[in-house]
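# Summary of structural features
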Amino acid sequence: MAAQRTPSQTIGPFFHEGLRWKDAEKVAFAETGQAIVLTGRVLDGAGEPVGDAMIETWQLSPRGRAPAAAAGASRPHGFARVETAKDGSFRIETLLPGGPAPFLDVAIFARGLLKPLRTRAYLAREEMVRADPALAAIAASPRIKTLVALSAGDNAYRWDVRLQGDGETVFFAA
Amino acid sequence: MNDMTRQDPVDPPYRYPEYRSTVLRAPREPLVALPPNALDIPGPFVPKGFVRDGESDLTAQGRSAPLGEKMILAGRLLDADGRPVRRSLVEIWQANASGRYHHPADVHEAPLDPNFHGVGRALTDDEGWYRFVTVKPGAYPWKNHPFAWRPQHIHFSLLGSAPVQRLVTQMYFPGDPLLAIDPVYNSVPDAAARLRMISTLALETGIEGIALGYRFDIVLAGAKATPLGP
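Okay, so let's go over this structure. (Residues numbered from 1 in each chain as written. Chains lettered and ligands numbered in written order. Predicted model: local features only at pLDDT ≥ 70, side-chain atom pairs only at ≥ 80, totals over all residues. Heavy atoms only, no water.)

Turning to the pairing of strand 8 (residues 167–172) of chain B, a few remarks are in order. Counting buried positions along strand 8 of chain B yields six of six residues, so the element is predominantly enclosed. Residues Leu 167, Thr 169 and Met 171 of chain B point to one face of strand 8 of chain B and Val 168, Gln 170 and Tyr 172 of chain B to the other, with burial holding for every one of them. (Buried < 20%, exposed > 50% of the residue type's maximum accessible area, 1.4 Å probe, protein only. Helix = DSSP H or I, 4+ residues; strand = E, 2+ residues; numbered from the N terminus.)

So this is what it looks like as structure tokens:
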């Protein structure tokens, strides 16, 4: 029996206590791997920080597997949920996913977003990202750079998100 | 492929100028298609013990009962094939009976209720049912346009069983005259889809002499990853 989908609505400005999980900025796995830190900022079409967004990431494990059910864990494996600070910044600690062009699936929720924005933060060199078959539609586009996190020191990556305008991040159809 | 030209019949567009906050936050470039099922990896899986007993009763978070109309809110979480989404996380947050959120950014001049934080979570059971005990939230003014008031609503966050099912929505109440002037509600282009965000009065869901009952079923996108039922 088919059922009709419930529409999306904005998360609004008052979600913080409702959706805050303990330690959700540190991604848990059953496996060990290379620890990395991803930091960045979310900016709007005027270049102003988006200080009331929620970012969720979902990824493969260090061995390239789908994160399994987390028996005995304190939170779901492979998943981060963070709030942006007033200056639009966020920080996620995770393990480098497996695969030739590892990436985090990213969903952004905020006041003014009636449905989440979907994007990816690749933790790989640009030529590896351009070679990802999933991105064939934009393989030659200069915009693909917006999906590539920049190296910011040992095991540290920097990735800014521009919701609109100059340097607008590539967003995916859900 | 291009969200700005193709109107999704269920979800709102990103850019909806009547809701002012969308104007600088909606992307202008066309959305890029990913291969089908790119996001259809099952999970995230909420571990046992993640939701504690009592987190679904928002009226038991203070020293005594909160002000307001006590209500039982129950419904089923289903996928697009009408199958229950089992043991899945349901998170809610809401204003108190006066229309004020327990949140530092809410500076609306309505009283806080020390006995109401307005936050709850639950896991669906094997038939997809969830159930909360709460109070009916108040309407509140906001600065979107002159005399703007949000209709009474409860925010819902659903993890589903795979990222393609992820949904954040708002539940409204039947007969609310503020629905007609609310740009968030009216951002959904299809009238029938808008009605699916309105709960129904279900007296038998309540508790005789104690709490009103409301029913709100939620339908998530289909997911290839959704495990088939026995």
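Attention now goes to the interface of chain A and chain B. In this complex, chain A contributes 65 residues to the contact, which on the side of chain B involves 72 residues. Buried area between chain A and chain B, summed over both chains or domains, comes out near 6,000 Å², and the portion from carbon and sulfur atoms is 60%. Of all residues in chain A, Arg 5, Gln 9 and Phe 14 of chain A bury the most surface against chain B, accounting for 14% of the area lost on that side. Taken together, the connections running from chain A to chain B amount to four salt bridges. Among the ionic pairs, Arg 25 of chain B bridges to Asp 52 of chain A, the shortest N-O distance being 3.0 Å. The tally of links from chain A across to chain B stands at 32 residue pairs in polar contact (both at pLDDT 80 or more). (Contact = heavy atoms within 4.5 Å. Buried area = accessible area lost by both parts, 1.4 Å probe. Salt bridge = Lys/Arg side-chain N within 4 Å of Asp/Glu carboxyl O. Polar contact = N/O pair within 3.5 Å; in protein donor to acceptor, adjacent residues only side chain to side chain.)

Pairing between the strands of a sheet is mediated by backbone hydrogen bonds and can be parallel or antiparallel. All names here are of chain A. Strand order in this open sheet of four strands is 3-2-5-6, and the pairing throughout is antiparallel. The two strands at the open ends of the sheet, each matched to only one other strand, are strand 3 (79–83) and strand 6 (117–122). Ignoring strand direction, the axes of neighbouring strands in this sheet form an average angle of 25°. As paired elements, strand 5 (residues 103–110) and strand 6 share six bridges and run antiparallel to each other. Bridged to Val 106 within strand 6 is Thr 119. (Pairing = 2+ DSSP bridges. Axes fitted to C-alpha atoms, helices over the stretch in contact; angles between N-to-C directions.)

Residues and elements named next belong to chain B. Taken together, the four strands give an open sheet; going across it, the order is 3-2-7-8, and neighbouring strands pair in antiparallel fashion. Among the strands making up the open sheet, the edge pair consists of strand 3 (119–123) and strand 8. Strand after strand, the sheet turns through a mean of 20° between neighbouring axes, direction not considered. In the sheet, strand 2 (residues 89–94) pairs with strand 7 (residues 153–158) via five bridges, with the strands oriented antiparallel.

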